[in-house]
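Each chain, letter by letter, is given below.
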Amino acid sequence: RHPGQTGGRPNLAVRIGGLRLANPVLTASGTFGYGREFAPYLDLERLGGLVTKGISWEPRAGNPPPRVVETPCGMLNAIGLENVGLHRFVQAKLPYLRQLNTRVVVNILGDDIGDYQRLASALAQEEGIDALEVNISCPNVKAGGVAFGTDAKAAAAVTAAVKAAAGSLPVIVKLSPNVTDITVIAKAVAEAGADGLSLINTLLGMVIDVDQRRPVLGNVMGGLSGPAIRPLAVRMVWQVAQAVKIPVIGIGGISSARDALEFLLAGATAVQVGTANFVDPAAAVRVVDGIAAYLLQHGLDDVQQIIGAAARTGAAAEG
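In this text the structure is predicted, and so the values were computed from the model without any measurement.

Trans peptide bonds make up most of the peptide bonds, and negative phi angles are found at most residues other than glycine. A cis amide bond links proline 65 to the next residue, proline 66, at an omega of -10°. By the secondary structure assignment, proline 66 is in the loop between strand E4 (49-51) and strand E5 (68-71). Cis rather than trans, the peptide bond between leucine 199 and isoleucine 200 has omega equal to 15°. As for its position among the elements, isoleucine 200 is in the loop between strand E12 (196-199) and strand E13 (203-205). The phi dihedral of leucine 81 falls on the positive side, at around 60°, and the residue is not glycine. Tracing the sequence through the fold places leucine 81 in the loop between strand E6 (74-77) and helix H1 (85-98).

The eight strands lie next to each other as E3-E4-E7-E8-E11-E12-E17-E18, forming a closed barrel whose pairing is parallel. For this sheet, the mean inter-axis angle between neighbouring strands, taken without regard to orientation, is 25°. The pairing of strand E3 (residues 25-27) with E4 spans two bridges and is classified as parallel. For leucine 26, the partnering residue across the bridge sits in E4 and is glycine 49. In the packing of helix H3 (residues 152-165) onto the sheet, contacts are made with strand E7 (103-108), strand E8 (131-135) and strand E11 (171-174), and the angle to E11 comes to roughly 155°.

Another aspect to go through is the sheet that holds strand E16 (residues 222-225). Taken together, the four strands give an open sheet; going across it, the order is E5-E6-E16-E13, and neighbouring strands pair in antiparallel fashion. Each of the sheet's edge strands pairs with one partner strand only, and the pair in question is E5 and E13. Taking each pair of neighbouring strands and ignoring which way they run, the sheet shows an average axis angle of 35°. As paired strands, E5 and E6 are joined by four bridges and run antiparallel to one another. Pairing of valine 68 across the sheet is with asparagine 77, part of E6.

Let us now look at the packing of aromatic side chains. Tallying each qualifying case throughout the model produces three aromatic pairs. Seen from their ring centres, phenylalanine 32 and phenylalanine 38 are 4.1 Å apart, and the 20° between their planes marks the pair as stacked. Judged by its relative accessible area of 11%, phenylalanine 38 falls in the buried class. Residues tyrosine 34 and phenylalanine 89 carry aromatic rings whose centres are separated by 6.3 Å and whose planes lie at 40° to one another, so their mutual orientation is tilted. Placement of tyrosine 34 in the loop between E3 and E4 and of phenylalanine 89 in helix H1 is noted, with a sequence separation of 55 residues between them. For the residue pair tyrosine 34 and phenylalanine 89, the accessibility class agrees, reading buried in each case.

Below, the discussion takes up helix H2 (residues 113-124). The end-to-end C-alpha distance of H2, which contains twelve residues, comes to 17 Å, matching closely the 16 Å that a straight helix rising 1.5 Å per residue would cover. When we look at burial in H2, the residues that qualify are Asp115, Tyr116, Leu119, Ala120 and Leu123. Take H2 and look down its axis: the buried residues cluster within an arc of 125°, on one side only. For H2, the secondary structure elements touched by its buried residues are H1, E7, E8 and H3. With a side-chain oxygen lying 3.0 Å from the backbone nitrogen of glycine 114, the N-terminal cap of H2 falls on aspartate 112.

Criteria and cut-off values
Residues numbered from 1 in each chain as written. Predicted model: local features only at pLDDT ≥ 70, side-chain atom pairs only at ≥ 80, totals over all residues. Heavy atoms only, no water. Helix = DSSP H or I, 4+ residues; strand = E, 2+ residues; numbered from the N terminus. Pairing = 2+ DSSP bridges. Axes fitted to C-alpha atoms, helices over the stretch in contact; angles between N-to-C directions. Contact = heavy atoms within 4.5 Å. Phe/Tyr/Trp six-rings, centres within 6.5 Å; stacked < 30°, edge-to-face > 60°. Buried < 20%, exposed > 50% of the residue type's maximum accessible area, 1.4 Å probe, protein only. Expected span 1.5 Å × (residues − 1). Arc of directions from axis to C-beta. Polar contact = N/O pair within 3.5 Å; in protein donor to acceptor, adjacent residues only side chain to side chain.

What follows is the structure in structure tokens.
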């Protein structure tokens, strides 16, 4: 039996830099509130970790409604990064999260590099936070509103700034798919010192009400998530996992263990469950159990045996 295996169950533990997860399944930022909201529906301690709603220095009210619309195989959201702000998060949300025996990853966002640096520095002083996830899909107000995540130099600069301010906290950078070549951004961020990458964030889309003859969302455009984007996300994870040496966390349309396994086989070390949480609040725990069942079914005793296995098979076939 594998040293990490207990009671005949496969070993599901993985590492993202200095962050050890009991299993490779986390919940995605913006889909799981601050964690406590989901406590009535699942055992939060069965998760590898949870990622908080994005936190900014000051509270944000978000965009005007309507802010969510269902689409075929997914949804569009234009929430606008509504959140309670750093001070209230630390005072009102973090005390509960500290009690949990699971990893807590705080997603951070800002309008300029100074925002990110101040957030990282402040959160590094707090107990009960295991890692930071940096949302670089935000518009850089000092560069005319261009998203940090669509410019390799800006992405690298914000990564280096957060890493310098985060102390011992691992820094995971969340990549935007709204770029021509995601590996260019991934390499820049890895070289700037990121401990891991999470991808993908939502794809920009819109829906028009043909009866009203106007966009449905108050913000006109929103982020597309859900099963519709999974093949795109798997492709980008495959490309990025082969382009960088740091761990990758796969996100995009995961609602079952089989979905998650695609990402792991493509080279992701871990995954995040997002939109599925709105359909089934316990979706992430079902994914954990399903990965364990898959390993048992195939006579495998460690999740490491499948991470990147499809990429290795593909390379062998090409060779």
